[in-house]
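As a plain string of letters, each chain reads:
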Amino acid sequence: PAAELEERGDNYHLRLEVPGISKDDLDIQVTAQTVSISGERRSSTKTEEDGVTRSEFRYGSFSRSVTLPGRIDHQNVVADYSDGVLSLTLPKAEEEKNKVVKVNVG
């Protein structure tokens with residue numbers, strides 16, 4: 001699925017398009033630097049007259065892993081699923097919030 005990652009303040013926000021999938025069919029796993037989402041689109045086609053079934057929908061399993069630009073507090077991730085879009089709020093780990101990088105002037 002298509003993904004969008006954005007950094008805002010003390011959080012990363014990850015959105016994925018997963019239309020037609022029940023939230024019960026989604027599996028979300030997070031580590032300190034990676035988010036993995038997998039799921040399954042289930043077929044519910046019905047046979048039409050004369051034994052012909054037509055479908056252009058895609059069914060089956062999918063998985064997507066996204067490596068994050070920094071470490072997160074993976075114990076406090078918040079997920080929301082609405083209108084086929086999965087939204088994850090990924091709070092930055094304390095050490096990432098307070099990280100100071102020295103810049104040398106050339």
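Reference entry: report on the structure contained in this document. (Residues numbered from 1 in each chain as written. Predicted model: local features only at pLDDT ≥ 70, side-chain atom pairs only at ≥ 80, totals over all residues. Heavy atoms only, no water.)

**Observations regarding the nonpolar core**
Counting residues in hydrophobic clusters, the biggest one holds 15 residues, and the most contacted among them are L14, L26, V35, I37, L88 and L90. Listing elements by their share of this core, those giving two or more residues are β2 (11-17), β4 (34-41), β5 (60-67) and β7 (85-91). When residues no more than four places from it in sequence are discounted, the contact partners of L88 are Y12, H13, L14, I28, V35, I37, V77, V78 and A79. (Core = buried A, V, L, I, M, F, W, Y, C linked by side-chain atoms within 4.5 Å. Buried < 20%, exposed > 50% of the residue type's maximum accessible area, 1.4 Å probe, protein only. Helix = DSSP H or I, 4+ residues; strand = E, 2+ residues; numbered from the N terminus. Contact = heavy atoms within 4.5 Å.)

**A look at the sheet that holds β7**
Pairing is antiparallel in the open sheet, where four strands are placed in the order β1-β2-β7-β6. Each edge of the open sheet carries a strand with a single partner, namely β1 (3-8) and β6 (78-82). Direction aside, neighbouring strands of the sheet carry axes that sit 15° apart on average. Inspection of the sheet shows β2 paired to β7 by seven bridges, in the antiparallel sense. Note on β7: the bridge partner recorded for E17 is V85. (Pairing = 2+ DSSP bridges. Axes fitted to C-alpha atoms, helices over the stretch in contact; angles between N-to-C directions.)

**Some thoughts on the packing of aromatic side chains**
In the structure shown here, the tally under the stated rule is zero aromatic pairs. For K92, the ring lying beneath its charged end belongs to Y12, and the centroid distance is 5.3 Å. (Phe/Tyr/Trp six-rings, centres within 6.5 Å; stacked < 30°, edge-to-face > 60°. Lys NZ or Arg CZ within 6 Å of the ring centre and 35° of its normal.)

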